[in-house]
Amino acid sequence: MHLKKYLRKCLHRLQKGPGYTYKELLVWYCNNTNTHGPKRIICEGPKKKAMWFLITLLFTSLVCWQWGVFIRTYLSWEVSVSLSIGFKTMDFPAVTICNASPFQYSKVKHLLKDLDELMEAVLERILAPEQSYANATRTLNFTIWNDTPLVLIDERKPSRPVVLDLLGDVHNGSASSSPAPGRTCTAQGCKVAMRLCRLNGTVCTFRNFTSATQALTEWYLLQATNIFSQVPRHKLVEMGYPAERLILACLFGPEPCNYRNFTSIFHPDYGNCYIFNWGMTEKALPSANPGAEFGLKLILDIGQEDYVPFLTSTAGARLLLHGQRSYPFIKDEGIYAMSGTETSIGVLVDKLERKGEPYSQCTVNGSDVPVRNLYSDYNTTYSIQACIRSCFQEHMIQNCSCAHFLYPLPHGERYCNNREFPDWAYCYSHLCMSVAQRETCINMCKESCNDTQYKMTISMADWPSEASEDWIFHVLSQERDQSTNITLNRKGVVKLNIYFQEFNYRIIEESAANNIVWLLSNLGGQFGFWMGGSVLCLIEFGEILIDFVWITIIKLVAFAKSLRQRRAQARYAGPPPTVAELVEAHTNFGFQPDVARPGPDPGTYPDEQTLPIPGTPPPNYDSLRLQPLDVIESDSEGDAI
């Protein structure tokens, strides 16, 4: 009932206002709107009406076009970058240091014995092929070699390249003093490559290198990864460099420190690494003042004489500056400090603050990233490096059925090795070269919305000097080994100075280039400039649209009523009955109209039929017909609803 009264009131309002037709509505809008132009279309003569109609239509099109441009620009979610400089006391960054060699050769030599012998045989074959055949009588373990051998590719005939196994004659039992014809190749015409196979050697591919040095290094690293992946993690830690041997001296500002102030983690590429001021168990240490005197000073013993000869070709210390509670990806982001030098590192801080959705695909804590973070076991914060490596490890498990040794091991999975997964090297190489895999991980991972970067200024000098090296090495040797003899040398020590250059830090912040205020200002400016309109004019236009909808509803209701009436009239062959006939048919049962009967005398009744008792007929309102009637309430009734 309330809805019906409300609809009647709306219809009554239309009758008093715009009217019932679209033309009346348009004329009423042009006469009452505050927008310039439509009034002139109604008031002027025919020629000026046409002119003002075209002008209004043109400017309306311009406004709509400009609005579309501004709305599209706003929805592009562009950002502007602002740079501000602050000054305050800052927390000292976390410092991760590692030895360039992951293991002490004296402790892993028994694991690498067979691999080293194969490496020496390969070097002999490459450097002195004639002499190597004469010394081929020694026994070699070819179990590792058979899985992933090194080959020579003779490309002197590019149309028909020849593949030669580097140790093929030795492997086949031929130990003659001279090589077989066609089994040798000059360095200029041949290249060393790695053969990777699967399905018991039925499907193979070759990984080519431009230098034999690169080929041997990559092959040895691949085979060493296979060996170390089968060793328990706690034993690998024991084979690395302990903190008490690596860190000889430590000083943070005026306060002394030692290896106990460092947190140990195991890195597959660099073995035991040690983190200062990580902030995991204690509050981060602040820096009292900028300058070298208030930074971190370290003296390291890298023990270069105990490096794994074929695994590590770089000598020095690897270090990285990063934020507290973040995992150190030292292989990708770290720098080397050369042995026998003092390396000074001045630090400047950049803080990045990115806008989130919808301006950029960044994440606050990684909870909205569809990749399981395998580095969460370290209780570290999210980073895109952790996401990409976790994604690669997941693809490695899906495609190769095992996990790679260089990445964290998910629960319930096993590391790849030649014994359990003989095809893993082929699968790993194919996955590394897959562009689709990289794009998938990059699209799934997101940048962190807040990030801190440490810009470093690095300088180096020889340390210790020739004049002071004698007493410095004597003191350090006595402190480490309690020996009066010098047990250290210039090739094994590294000195580091890490400090803030200044307490000024830069904040690089993203902000919305086009906000809602910018959008409304431009929309209103264009509307006012071209048509002299405002927000009230838009409200008027919206009101007319509502009236347009109501008029459409009225016409649809009227059409439905007329359709229903036409269906009702179709029930009668002649004109519709009068009101008197319809009323008498339902109220006065004594009244029966005379009906002509067939026969010779239709005006008489049969004798056996009793005449009907005459009744009082009602007035004959023949002039009243059933016609559609629209009941429109008065103003007073409409106001009372």
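Before reading on, note that the structure itself is shown above.
The following refers to the structure shown. Since we're looking at a predicted model, the values are computed, not measured. (Residues numbered from 1 in each chain as written. Predicted model: local features only at pLDDT ≥ 70, side-chain atom pairs only at ≥ 80, totals over all residues. Heavy atoms only, no water.)

Focus: the overall build of the protein
For the record, the criterion: Helix and strand assignments follow DSSP, with helices taken as H or I runs no shorter than four residues and strands as E runs no shorter than two, numbered in order from the N terminus. The buried label applies to any residue whose accessible area, calculated with a 1.4 Å probe on protein chains only, is under 20% of its type's maximum; exposed applies above 50%, and partly exposed to all values in between. By definition, residues are in contact when any of their heavy atoms lie within 4.5 Å. Using a 1.4 Å probe, accessible areas were evaluated by the Shrake-Rupley method; residue-level cover was limited to the displayed protein chains.
Regarding its fold elements, the protein presents 21 helices and 18 strands. For the protein, the proportion of its 641 residues judged to be buried stands at 39%. Once local pairs closer than 6 in sequence are excluded, the contacts in the protein between residues at least 24 apart make up 74%. Accessible surface, the protein as shown: approximately 36,900 Å² in total, 57% of it carbon and sulfur.

Notes on the packing of aromatic side chains
For clarity, the cut-off: Paired rings are identified among Phe, Tyr and Trp, the last through its six-membered ring, by centres lying within 6.5 Å, and are further divided according to the angle between planes into stacked (under 30 degrees), edge-to-face (over 60) and tilted (the rest).
For the coordinates displayed, the defined rule picks out 25 aromatic pairs. Here the aromatic rings of Phe-392 and Tyr-407 are separated by 5.4 Å at their centres, their planes lie at 50°, and the arrangement is tilted. Of this pair, Phe-392 sits in helix α14 (residues 384–400) while Tyr-407 sits in the loop between α14 and α15 (424–432), and the two are 15 residues apart along the sequence. In this pair, the class of Phe-392 matches that of Tyr-407, namely buried. With centroids separated by 4.9 Å and ring planes inclined at 80°, the aromatic side chains of Phe-529 and Trp-530 adopt a geometry described as edge-to-face. In this structure Trp-530 comes out as partly exposed when scored by relative accessible area, which is 27%. Of the aromatic side chains, those joined through ring pairs into one cluster are Phe-87, Phe-92, Phe-252, Phe-262, Phe-276, Phe-500 and Phe-503.

Notes on the state of the cysteines
Between two cysteines, a covalent bond joining their sulfur atoms is known as a disulfide. Stated formally: A pair of sulfur atoms, both from cysteines and within 2.5 Å, is called a disulfide here.
A complete count under the given rule lists 8 disulfides for this structure. Sulfur-sulfur distance for the disulfide between Cys-387 and Cys-445 comes to 2.0 Å. Residues Cys-387 and Cys-445 are joined by a disulfide whose S-S torsion is about -85°; by sign, that bridge is left-handed. Of this pair, Cys-387 sits in helix α14 while Cys-445 sits in the loop between α16 (435–444) and β16 (447–448), and the two are 58 residues apart along the sequence. Considered together, Cys-387 and Cys-445 belong to a single accessibility category, that of buried residues.

A few points about a nonpolar patch on the surface
Put simply, the test is: Patch definition: residues above 30% relative accessible area lacking any salt bridge, with like charges linked at up to 9 Å and the nonpolar side chains Val, Leu, Ile, Met, Phe, Trp and Tyr linked at up to 5 Å. Whenever Lys or Arg places a side-chain nitrogen within 4 Å of a carboxyl oxygen from Asp or Glu, that contact is recorded as a salt bridge.
A cluster of nonpolar residues, Tyr-22, Phe-548, Val-549, Ile-553 and Val-557, forms a patch on the protein surface that exposes about 400 Å² of accessible area. Counting through the fold element by element, Val-549 comes out in helix α19 (residues 535–569).

Focus: the packing of α14 against α16
Counted only if it meets this: Here an angle of 0 to 180 degrees is reported between the N-to-C directions of two axes, which are lines fitted to C-alpha atoms, with helices fitted over the stretch in contact. Angles below 35 degrees are treated as roughly parallel, those above 145 as roughly antiparallel, those between 65 and 115 as roughly perpendicular, and all remaining angles as oblique. Crossings are sorted by hand: turned counterclockwise from the far helix by less than a right angle, the near helix makes the crossing left-handed, and turned clockwise it makes it right-handed. For this scheme, ten residues count as nonpolar: Ala, Val, Leu, Ile, Met, Phe, Trp, Tyr, Cys and Pro. Four count as charged, namely Asp, Glu, Lys and Arg, and the remainder, Gly too, count as polar.
The interhelical angle for the contact between α14 and α16, taken along N-to-C directions, is 135°, at an axis separation of 9 Å. For the element pair α14 / α16, the angle class is oblique. Here the hand of the crossing between α14 and α16 comes out right-handed. Taken together, the residues of α16 that come into contact with α14 (itself represented by Ile-388, Cys-391, Phe-392 and His-395) are Gln-437, Thr-440 and Cys-441. Of the residues contributing to the contact of α14 with α16, the split by class is 4 nonpolar, 3 polar and no charged.

Brief notes about the sheet that holds strand β5 (residues 190–198)
The condition is simple: The criterion for strand pairing is that DSSP finds at least two bridges linking the strands in question.
Pairing in this open sheet of 4 strands is antiparallel, and the strands run β4-β3-β5-β6 from one edge to the other. Bordering the open sheet on either side are β4 (162–165) and β6 (203–208), each of which pairs with just one other strand. In this sheet, neighbouring strand axes are inclined to one another by 40° on average, regardless of whether the strands run parallel or antiparallel. Where strand β3 (residues 150–154) lies against β4, 4 bridges are found, and the strand directions are antiparallel.

Here we look at the packing of helix α4 (residues 46–75) against helix α18 (residues 516–531)
Interaxial distance between α4 and α18 falls to 9 Å at its minimum, and their mutual angle equals 170°. Regarding the angle of α4 to α18, the classification is roughly antiparallel. Contacts between α4 and α18 pair Thr-56, Phe-59, Thr-60, Leu-62, Val-63, Gln-66, Trp-67, Phe-70, Ile-71, Thr-73 and Tyr-74 from the former with Ile-516, Trp-518, Leu-519, Asn-522, Leu-523, Gln-526, Phe-527, Trp-530 and Met-531 from the latter. Of the residues that constitute the contact of α4 with α18, the class distribution is 14 nonpolar, 6 polar and no charged.

Notes on the pairing of strand β7 (residues 247–252)
For β7 and strand β11 (residues 296–301), the ladder comprises 5 bridges, and the chain directions are antiparallel. Counted as the bridge partner of Cys-250 is Leu-298 from β11. Both β7 and strand β8 (residues 255–257) contribute to a ladder of 3 bridges, which runs antiparallel. Residue Phe-252 lies in a different strand from β8, and its bridge partner there is Glu-255.

Observations regarding the nonpolar core
We count it as follows: In this text, buried Ala, Val, Leu, Ile, Met, Phe, Trp, Tyr and Cys residues form a nonpolar core when linked through side-chain atoms within 4.5 Å.
Ranked by internal contacts, the top residues of the largest apolar core, which has 68 residues, are Trp-145, Leu-150, Trp-219, Tyr-220, Phe-228 and Trp-424. Ranked by residue count, the leading element in this core is helix α10 (residues 212–228), at 8 residues. Each residue touching Leu-150, except ones within four places of it in the same chain, is listed here: Val-122, Trp-145, Asp-165, Leu-166, Val-192, Ala-193, Met-194, Ala-215, Leu-216 and Trp-219. If you look at the next biggest cluster of nonpolar residues, it comprises 36 residues, including Leu-321, Ile-335, Tyr-454 and Phe-500.

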